[in-house]
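# Commentary on secondary and tertiary structure
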Amino acid sequence: MGSRIFLLLLDPNSNGARCQCGGPREIHDSAATGDNFEAMTVTKWDSQQHSSEYPTDAFGELEFAGAGRRLSHFLRLSCDTPPQVIYNLMTTHWGLPIPNLVVSVVGGVGHEKIEPWVRNILRKGLVRAAQSTGAWILTGGLRESVSRCVGEAVRDHGAVASAVSQKKVIAIGVAPWGLVHNRQQLVNPQGSFPARYYAQKATNDIRYLDNSCQAFLLVDNGSVDQQGGETVFQANLEDFISHQRTGICGSGNIEIPVLCLLISGKACMLE
């Protein structure tokens, strides 16, 4: 687990103002902006080559300002963190119940409009299925597009369900660290218990965490304001979970099924 510090490789389309990682030139430290790296401006930026891993500086519990006292777990982690480490953290340290099913919801990004009938399916189908089966719902974790719709469905369910039923619906947000707005509110090398997070109405350029999630995995590959750094990590996590065992009354004789649900997106996302 860790955060990533990135090296400067100038984006030729930004007139020297931004790095290919997506961040402005000034956020890179002096070592990253030295003459040794100026010569690499024609090189394509790559997380593995041009960033280094450091101990994570953002973890603990998160409290959404104005959204009640319910706390969410969160962790900033490197994109190549072994999935078994994170799964053990979630089930052992965070105390999330071992899932009988994982539903991974992928689809449109940004503020793409989602049709009302899709919202109804999420509200009446997905969340109820998660409750009845003891499933984890993996979303993008941000208040936008499909992730926002899933979050609204989870919140609607929580408003009318009993306390026992609410606990059976586990929504986990897997989001790219560099895309989360106000992420500096989560930074504390000693951990935050809790970190107070302020989220306002989202716009096309501002993405907030969605307060429907019980846990957030904030995946850092060194990029800033860019989607996709979390994709490989999430695929590896889902693959690892699919080889773990569950079963009725703890029998442990069934591998956990993982279902990928594509909504308002491109078929290539399933890959």
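Read on for a plain summary of the structure. Every value quoted in this text rests on a predicted model; they were computed, and no experiment measured them. (Residues numbered from 1 in each chain as written. Predicted model: local features only at pLDDT ≥ 70, side-chain atom pairs only at ≥ 80, totals over all residues. Heavy atoms only, no water.)

## A short note on the nonpolar core
The cut-off we apply is this: Side-chain atoms within 4.5 Å are what join buried Ala, Val, Leu, Ile, Met, Phe, Trp, Tyr and Cys residues into a set we call a nonpolar core. Relative accessibility under 20% of the residue-type maximum defines a buried residue, over 50% an exposed one, and the middle range a partly exposed one, all with a 1.4 Å probe and only protein chains included. Strands are runs of DSSP state E lasting at least 2 residues, helices are runs of H or I lasting at least 4, and numbering of each runs from the N terminus. Note on contacts: a residue pair qualifies if any of its non-hydrogen atoms lie within 4.5 Å across the two residues.
Formed by 36 residues in total, the largest nonpolar core has its most connected members in Phe-74, Val-105, Val-150, Leu-186, Tyr-197, Leu-209 and Leu-218. Breaking this core down by element, the ones donating at least two residues are β3 (59-64), β5 (101-107), α4 (116-133), β6 (135-139), α5 (145-160), β7 (170-176), β8 (192-197) and β9 (215-220). If near-sequence neighbours (up to four positions away) are discounted, Leu-186 is found in contact with Asp-57, Ala-58, Phe-59, Leu-62, Phe-74, Trp-177, Ser-192, Ala-195, Tyr-197, Leu-209 and Leu-218. Judged by nonpolar contacts, the second largest core, of 22 residues, contains Leu-77, Met-90, Trp-94 and Ile-256.

## As for the sheet that holds β8
Inclusion rule: By the convention used here, strands pair only if DSSP detects at least 2 bridges between them. Interaxial angle, 0 to 180 degrees, is taken between N-to-C directions of lines fitted to C-alpha atoms, where a helix line uses only the stretch in contact.
Read across the sheet, eight strands follow the order β8-β3-β4-β9-β7-β6-β5-β12 without closing on themselves; strand pairing throughout is mixed. With one partner strand each, in any of the chains shown, β8 and β12 (258-263) form the two edges of the open sheet. Direction aside, the axes of adjacent strands within the sheet are offset by 25 degrees on average. Summarising the sheet, strand β4 (residues 71-78) and β9 pair through six bridges and their orientation is parallel. Paired with Leu-75 across the two strands is Leu-217, which belongs to β9.

## What to know about the pattern of salt bridges
Stated precisely, the cut-off is as follows: Each salt bridge in this description consists of a side-chain nitrogen of Lys or Arg and a carboxyl oxygen of Asp or Glu lying within 4 Å of one another.
If you walk through the whole model with that rule in mind, you get eight salt bridges. Its salt-bridge partner being Glu-152, residue Arg-148 comes within 3.5 Å of it at the nearest N-O pair. Of the two residues, Arg-148 and Glu-152 are both situated in helix α5; the distance of four residues between them amounts to about one turn of the helix. Overall, the relative accessible area of 30% leaves Arg-148 in the partly exposed class.

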